[in-house]
Each structure stands twice: as structure tokens, then as C-alpha cells.
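Each chain is listed here by its residues.
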Amino acid sequence: MKTKFFIILSMLFSLVTRAQQMDSVPFNGGLLFYHVYGKGKPVIILTGGPGISYQQQEEVAIEVGKQYQAILLEQRGTGRSMPAVLDKETVNLNTAVSDLNLLLDHLHLKDAAFYGHSYGSFLAVYYASKYPARVSRLILAGPAPFNYLGDQMTTYGNNKECRFGLLDIEEMNKLDEKAGKGTLSKADSATFRKLNNSTSIYNKMDIDKIMAKAGTGKMSTKTMSLMMAAYSKKVDLTNDIKQLNIPVTIICGRQDPLSFMAYEYKLLQPRIKISWIQEAGHFAMFEQPEPFYKALFTALSDD
């Protein structure tokens, strides 16, 4: 009986230390949930996707919360932050920006540092382009394309495709054929995800461990489709990046198929600092946590 008591107590303690606070703020048609870790200067944590669970970047929020106040958002259309109606009117880039304003206003924050991974980095830059006074600095991990009208998305797709072996291509073609016929099984879907994600991992021996972390939480495919549709229409942040007047740091795995984006940023804004992580793909925080967090905390503390 005493053993059970200590097990329950330790579980409760674990929950308290992981998420010091979970709260929400109402928006038109729903609630926007967020999680707060630690105290100090605020850092907004934006997960990638779009449509991926906030849980994917929770480890980052917990680590940041040891020295700062990390605020991890459940972006609209994911997790608990679901609007009453999920469509292009309720989930788009305008609502994403208004949600960030709503969050900062609710927390009485004039501004904050913004950390974003993958698509989350794009959202952070997009927000900074609209409300530069509310962003004190940007930390972009594995940054996503910022110009959908150019060839950045094509380059990303080609970088992933060239990493497939002949057997991988053969298997992917079979799975594509099944998907077209509507006969794709659950096991087939898992194989497809694993093959696709293998192009973003440096050490293929670690793929199950890395993807267990990267795939934690439930992804909203509908939100992903809606946001990608909005993203692909007319987005080009080239001029906005040239005009950024705040500290910007990019943290990027050397073996990330999106690593070329660090150069795309640097060409536009030479003041941007780049921290390269060797032996890491798109999820450097999971593959190489020690150099990743060293780079992250350096970026947060730089003046």
C-alpha cells in the first residue's frame, strides 16, 4: 500500500515539474491552450508541422524553462486548441498571427523571444514581419522555406528524394500505388512514414528512437492541409527578412535536407548567426542534444 502511494506521489511530482502551468485563452470559436515552464524572460516555443502536436517540442520547452520562462503553444487546429469549425476561414496564417497576439496580450507581454522548429520557424519569422516590435529575438531550428514562390520547396523535396536508395524508391512506389487504390494498410502507412522520415535522420540506426520523439502526440492532417494551402498561395518573406532588425540565430543540423535554408537566410541578412550541428538531420535537438542546447542557450543569452 505504501509502495503504491509513493508511485502515485512520484507521478504527480513528475507532472508538476514537466508542466508548471497549463492554461487557455478564448478565441472566436474555441480555446487556445498553452503550457508554461520556468520563470524569467519569456520565450515562445513554436512546434513545426503545420498540424503537429505541441508535445514534439516539449523537451525543448522543459530545458528552456530551467533558465527562462518557456511558453509552449498548442497552435490552433492542434491538440486542445480546436475551433468549433475547422476550415480555411478559422485556420490560416491570419488566425495564426492573431493567436500569437492574443497569447502575448493575455500574458501581459510587450514582447518575447521566439523559438520555432521547421514550420514553427517560418511562423515566427512571419509574425515578426507583421509585428516586429513584439519579437525581441528569433531562434530558428531547422528553418523551413520562407519563399513558396521560388524553388525552395522543390530543393527540399529533391534533397529528400536523392537520399532514397533504389530499394527504398521501389518500396515507396509500391506504397504510392496502394495509396492510389485506397488499399494502404496501417502497417503500410507506418512503413511509408518511416521511409520518408529516414531522409531527415543522420544515423538510420536511431530512426525508431528519434521518430518516437518527433512523432509524439497526435498530428492533425486537416490542419496541415489547410495551413499548407495558405502557406503556398503567395508567401514570400524575402524582403521582410532583409529588414529584420533583431538578433536572429539559426540552429541547423549539417545533414538536414533543409540545411540549405540557413544559407538562404544568411544571403539576405548577413548579421544572422548560424550554429551548425554535426551528425544531425532535421531533429538536432533529439540527435545531438548537448551541442543543440549549448547553441540554443547561447542564442538566448547573446546581446
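Residues numbered from 1 in each chain as written. Predicted model: local features only at pLDDT ≥ 70, side-chain atom pairs only at ≥ 80, totals over all residues. Heavy atoms only, no water.

**Quick look at the overall build of the chain**
The secondary structure content of the chain amounts to 13 helices and eight strands. Computed over C-alpha atoms, the radius of gyration of the chain comes to 19 Å, within 12% of the 19 Å expected from 2.2 N^0.38 for 303 residues, which places it in the range of a compact globule. Each principal axis of the C-alpha distribution contributes one length, and for the chain these read about 60 × 50 × 40 Å. Per-residue burial over the chain gives 48% buried out of 303 residues. (Helix = DSSP H or I, 4+ residues; strand = E, 2+ residues; numbered from the N terminus. Rg over C-alpha atoms; globule rule 2.2 N^0.38 Å. Buried < 20%, exposed > 50% of the residue type's maximum accessible area, 1.4 Å probe, protein only.)

**Some details on the environment of L268**
For L268, the location among the structural elements is in helix α11 (residues 260–268). Sequence-distant contacts of L268, defined by excluding residues within four places in its chain, comprise F146, T238, I241 and K242. (Contact = heavy atoms within 4.5 Å.)

**Observations concerning helix α4 (residues 119–130)**
Between its first and last C-alpha, α4 extends 17 Å over twelve residues, near the 16 Å set by a 1.5 Å rise per residue. Burial of α4 is extensive: ten of the twelve residues sit out of reach of the surface. When we look at burial in α4, the residues that qualify are Y119, G120, S121, F122, L123, A124, V125, Y126, Y127 and A128. (Expected span 1.5 Å × (residues − 1).)

**Some words on unusual backbone geometry**
For the bond from G49 to P50, the omega torsion is -5 degrees, close enough to zero to count as cis. Looking at the secondary structure, you find P50 in the loop between β3 (42–46) and α2 (58–64). Positive phi, close to 55 degrees, is recorded for H108, a residue that is not glycine. For S118, which is not glycine, the phi dihedral falls at a positive 55 degrees. Its place among the elements puts S118 in the loop between β5 (112–117) and α4.

**A word on the pairing of strand β1 (residues 21–27)**
Relative to strand β2 (residues 30–37), β1 is paired through seven bridges, and the arrangement is antiparallel. Looking at β2, one finds that F27 is bridged to G30. In this structure, the hairpin formed by β1 and β2 is closed by a connection of two residues, where G29 is found at a positive phi of approximately 105 degrees. (Pairing = 2+ DSSP bridges.)

**A word on the packing of aromatic side chains**
In total, this model carries nine aromatic pairs according to the counting rule given. With a centroid separation of 5.4 Å and 35 degrees between ring planes, the pair formed by Y263 and W276 is classed as tilted. In this pair, Y263 is assigned in helix α11 and W276 in strand β8 (residues 273–277), connecting sequence segments 13 residues apart. Note on Y263: relative accessible area 46%, which makes it partly exposed. Their ring planes at 85 degrees and their centres at 5.1 Å tell us that F292 and Y293 sit as a pair that is edge-to-face. Looking at F292, the relative accessible area reads 1%, which means it is buried. (Phe/Tyr/Trp six-rings, centres within 6.5 Å; stacked < 30°, edge-to-face > 60°.)

**Considerations on the side chain of E74**
Structurally, E74 can be placed in the loop between β4 (69–73) and α3 (93–106). Assessed through its relative accessible area of 1%, E74 is described here as buried. Here the side chain of E74 touches R80 through a polar contact of 2.4 Å, side chain to side chain. Dropping the residues within four chain positions of it, E74 is found in contact with L32, F33, Y34, H35, Y54, G79, R80 and S81. (Polar contact = N/O pair within 3.5 Å; in protein donor to acceptor, adjacent residues only side chain to side chain.)

**Quick look at the packing of helix α6 (residues 166–181) against helix α7 (residues 186–197)**
Packing of α6 against α7 brings their axes to within 10 Å, and their N-to-C directions diverge by 140 degrees. Relative to α7, the element α6 lies oblique. In the packing of α6 onto α7, the handedness of the crossing is left-handed. Judged by residue contacts, D168, E171, M172, L175, D176 and K178 of α6 engage D188, T191, F192 and L195 from α7. By residue class, the composition of the contact of α6 with α7 is four nonpolar, one polar and five charged. (Axes fitted to C-alpha atoms, helices over the stretch in contact; angles between N-to-C directions. Parallel < 35°, antiparallel > 145°, perpendicular 65-115°, else oblique. Left-handed = near helix turned anticlockwise from the far one by under 90°. Nonpolar A, V, L, I, M, F, W, Y, C, P; charged D, E, K, R; others polar.)

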